[in-house]
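In case you want the letters, here they are:
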Amino acid sequence: MLEKTQYLLYIYDLMKRKLLSSSTDPNCPEASLVEGLCEWRDVIAHLEDESTGYILPNKFLIEIAKQMPVTTGKLRHLLK
């Protein structure tokens with residue numbers, strides 16, 4: 001059963017990315033950041049053979065896009 005369901009999160013992320021890319025406004029840096037983070041997360045998840053949620057859960061991805069931390073310290077604080 002796991003073999004059939006393990007791709008659902010991946011498909012969800014692909015659909016979300018496609019939706020974001022179709023509505024990405026060049027004046028909306030948050031949407032571009034979400035798209036970039038989703039791409040990065042997909043690559044790392046594939047390389048590490050982990051789920052995308054393990055690499056970067058959606059709630060953190062959204063918070064990063066909302067707050068757009070500019071230092072590693074602020075990013076670390078956000079991820080705690």
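Residues numbered from 1 in each chain as written. Predicted model: local features only at pLDDT ≥ 70, side-chain atom pairs only at ≥ 80, totals over all residues. Heavy atoms only, no water.

A. Here's a closer look at a nonpolar patch on the surface. Side chains of Tyr 10, Ile 11, Leu 14 and Met 15 sit close together on the surface and give an oily, nonpolar patch of about 380 Å² of accessible area. Of note, Leu 14 is situated in helix 2 (residues 8–22). (Patch = residues over 30% accessible without salt bridge, like charges linked within 9 Å, V, L, I, M, F, W, Y side chains within 5 Å. Areas by Shrake-Rupley, 256 points an atom, 1.4 Å probe, with all protein chains shown as cover. Salt bridge = Lys/Arg side-chain N within 4 Å of Asp/Glu carboxyl O. Helix = DSSP H or I, 4+ residues; strand = E, 2+ residues; numbered from the N terminus.)

B. Representation of unusual backbone geometry in the model. Backbone geometry places Asp 49, a non-glycine residue, at a positive phi of 55°. As for its placement among the helices and strands, Asp 49 is situated in the loop between helix 3 (29–48) and helix 4 (52–55). On the basis of relative accessible area, Asp 49 is assigned to the exposed category, the value being 69%. At Met 68, a position not held by glycine, the phi torsion is positive, near 45°. The residue Met 68 is located in the loop between helix 5 (58–67) and helix 6 (72–78) in this model. On the basis of relative accessible area, Met 68 is assigned to the partly exposed category, the value being 33%. (Buried < 20%, exposed > 50% of the residue type's maximum accessible area, 1.4 Å probe, protein only.)

C. Geometry of the packing of helix 3 against helix 5. The geometry of helix 3 relative to helix 5 is characterised by a closest axis approach of 9 Å and an angle of 145° between their N-to-C directions. The crossing of helix 3 and helix 5 is right-handed. Contact residues: helix 3 offers Glu 30, Leu 33, Val 34, Leu 37, Cys 38 and Arg 41, while helix 5 offers Asn 58, Leu 61, Ile 64 and Ala 65. Partitioning the contact of helix 3 with helix 5 into residue classes produces seven nonpolar, one polar and two charged. (Axes fitted to C-alpha atoms, helices over the stretch in contact; angles between N-to-C directions. Left-handed = near helix turned anticlockwise from the far one by under 90°. Contact = heavy atoms within 4.5 Å. Nonpolar A, V, L, I, M, F, W, Y, C, P; charged D, E, K, R; others polar.)

D. Highlighting the packing of aromatic side chains. By the definition in use, this model includes zero aromatic pairs. Its guanidinium or amino end placed over the ring of Phe 60, Lys 59 lies 5.3 Å from that ring's centre, counting from NZ or CZ. (Phe/Tyr/Trp six-rings, centres within 6.5 Å; stacked < 30°, edge-to-face > 60°. Lys NZ or Arg CZ within 6 Å of the ring centre and 35° of its normal.)

E. Focus on the nonpolar core. Core analysis: the biggest nonpolar cluster contains nine residues, these being Val 34, Leu 37, Cys 38, Leu 56, Phe 60, Leu 61, Ile 64, Ala 65 and Leu 78. Broken down by element, this core gets its largest block of residues, four residues, from helix 5. (Core = buried A, V, L, I, M, F, W, Y, C linked by side-chain atoms within 4.5 Å.)

F. Focus on helix 5. All of the buried residues in helix 5 are Phe 60, Leu 61, Ile 64 and Ala 65. Buried positions in helix 5, seen along its axis, are confined to an arc of 135° and lie on one side of it. Turned more than 90 degrees away from the buried face of helix 5, the exposed residues are Lys 59 and Lys 66. Of the surrounding elements, those touching the buried residues of helix 5 are helix 3 and helix 6. Remark: Met 68 follows helix 5 within two positions and exhibits a positive phi of approximately 45°. (Arc of directions from axis to C-beta.)

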